[in-house]
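Breakdown of the fold
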Amino acid sequence: MQTTDTTYDNVSHVNYGFQHEEQRPPPFAPPSGINPALPQYHGPQNPQYVHQNSPPQYFSERYSPAQSLHQYTPQTAPVNTHRTVTPGPYLDVNPVHKASRRKKWPFILGIVITLLVVAGVIAVVLWFYGIFDCLQGRRCKTDEKCVSFSQWCDGVQDCPSGDDETQCSRLFGSDYLLQMYSNMNQKWENVCSDGWNDNLGMQACEEMGYERNTYVGYEEIYSRASTDYMLVKTDSLGSSNLTGFHSKTSDCPSNKAVALKCIDCGRNSETRIVGGTMVTSKGVWPWQVSLQISRRHLCGGSVITPYWVVTAAHCVYENSDARDWTVYAGYLTRTEMQLATGNSVSRIVMHNFDPRTNENDIALMKLNLPLTITSNVRPVCLPNKGMYFTAPRECYITGWGSQSSGGSPSPTLQEAKIQLIDRTTCNSRPVYNGQITETMICAGKLEGGVDSCQGDSGGPLVIKENSLWWLVGDTSWGDGCAFRNKPGVYGNVTYFLDWIYEQMRRY
Ligand code: ARG
């Protein structure tokens, strides 16, 4: 972490918001393991349409009607050199008439051939997309089965691995509204609180990827305007999936929705001097951990559940053996950690990280034994869908990183208050000139002076909203540290939500 008083001229600061919400229709969530998160399929939904828009090259070049006509049009009227019949008085031998009648044939033939070719091309395109991209539905992840849109989240498992019935519920907004995907309306709807109970709540949390024992509870809240609700039933076979089914407002007499809390997160003890750089009290950033190999601090991380820590993929890219790592939670100084045992790691899950571009710089560590939650060790909240953090929102970074470019790690935990920087500004020529993708967000100070630095990587970028702290980013990269126009770049945690939950469910 680097904090100096240096200030420089600011670059114009446009305030556009981050729109992390996914653009594609739910419930399908992006990224499984090696697949990049969004976007999924940019290709044509309707090949015919595309065909009309931009005829394939070969088609227009080789089979344009003009050319085929040309090919079949006799250049001159043929001369009969083998005439055996002497023209009689009623025979029309006028060469001009004959030629004009014959000329029509090639024309018609040309059109017929053109139409046949067009039909053929359409058939091939349809076949191609029908086979390879599952026109009226989506493919199951684990196999090539194509399941229609109306079969997703309908309570019946159609994919052999069941992925058409996972990711059918989500938490929305900073008040944790529980939503389920209505396959009838093909949209997300709030869940009616009538008939809801803690058992259903635990089940929903578990399906999302949380452990049963972190469950907090639910609240009934009046939901704004939205008229449609989902009612929930448990699978009759007793299998684990909750099924929501669409209902009319009249089916939800309370007219209240469920707000579901799967884990007590984002709370800290606010006893610090804001704006200071050295963290003097434990429990201010209780989710901050130090990730070490052979007692050497290498990276930061954030506790999101007693078992799971979020860090940067580049931290584990070359050290991906879980057994090498130790996680230290609940400490302020590196000397304290030297005396402690720390927690061993059972698994490292790395996203599809590209070391060349720093794309998808996020990873998860699962601990062998769960952390004991105390006032000094607590999870931070993962953002929910529909939470928009916009520049120049105030945020905090913390870590044991070096206090100057190229320096050695800091002996005590440091914090700094910075601001989100919108992607357009961050991608502008004087800043990062187009290197910032949607898997990243920028934060810092364009005038320089305050930034994260080497050794802070993987650590948290957090924002306070609705009196809770939310993990908005994981420290990823930057050009030097704290230079003017070179703010810190962080992994865009909101963007990775589906990936994170998927891994927590899987392992
Ligand atoms: N990659 C660095 C690390 O491994 C973090 C760099 C952050 N740089 C910055 N200017 N914010 O610790």
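A brief report on the enclosed structure follows. Worth saying up front: this structure is predicted, and the values here are computed from it rather than measured.

Topic: the packing of aromatic side chains
On inspection of all chains with the given rule, the structure shows 11 aromatic pairs. Between tryptophan 285 and tryptophan 287, the aromatic rings sit 6.2 Å apart at their centres with planes inclined by 70°, giving edge-to-face as the arrangement. The same class applies to tryptophan 285 as to tryptophan 287, namely buried. Ring centres of tryptophan 285 and tryptophan 469 lie 5.1 Å apart, and the angle between their planes is 75°; on these two criteria the pair is classed as edge-to-face. Taken together, the residues tryptophan 285 in the loop between strand E10 (256-261) and strand E11 (288-293) and tryptophan 469 in strand E22 (residues 468-477) connect sequence positions 184 residues apart. The two residues tryptophan 285 and tryptophan 469 agree in class, both being buried. The rings of Trp285, Trp287, Tyr396 and Trp469 are connected pair by pair, giving a single aromatic cluster. Lysine 366 extends its terminal NZ or CZ atom over the ring of tyrosine 307, reaching a point 4.9 Å from the ring centre.

Quick word on the environment of asparagine 427
Structurally, the position occupied by asparagine 427 is in the loop between helix H8 (423-426) and strand E19 (440-444). Sequence separation between asparagine 427 and threonine 437 is 10 residues, and the spatial gap between their C-alpha atoms is 8.7 Å. Excluding residues within four positions of it along the chain, asparagine 427 makes contact with Tyr432, Asn433, Gly434, Gln435 and Ile436. In terms of polar contacts, asparagine 427 uses its side chain to reach the backbone amide nitrogen of isoleucine 436, at 2.8 Å.

Some remarks on a nonpolar patch on the surface
A cluster of nonpolar side chains, namely Trp105, Phe107, Ile108, Ile111, Val112, Leu115 and Leu116, defines an oily patch on the protein surface of about 730 Å² accessible area. Among the structural elements, valine 112 can be located in helix H4 (residues 95-133).

Criteria and thresholds
Residues numbered from 1 in each chain as written. Predicted model: local features only at pLDDT ≥ 70, side-chain atom pairs only at ≥ 80, totals over all residues. Heavy atoms only, no water. Phe/Tyr/Trp six-rings, centres within 6.5 Å; stacked < 30°, edge-to-face > 60°. Buried < 20%, exposed > 50% of the residue type's maximum accessible area, 1.4 Å probe, protein only. Helix = DSSP H or I, 4+ residues; strand = E, 2+ residues; numbered from the N terminus. Lys NZ or Arg CZ within 6 Å of the ring centre and 35° of its normal. Contact = heavy atoms within 4.5 Å. Polar contact = N/O pair within 3.5 Å; in protein donor to acceptor, adjacent residues only side chain to side chain. Patch = residues over 30% accessible without salt bridge, like charges linked within 9 Å, V, L, I, M, F, W, Y side chains within 5 Å. Areas by Shrake-Rupley, 256 points an atom, 1.4 Å probe, with all protein chains shown as cover. Salt bridge = Lys/Arg side-chain N within 4 Å of Asp/Glu carboxyl O.

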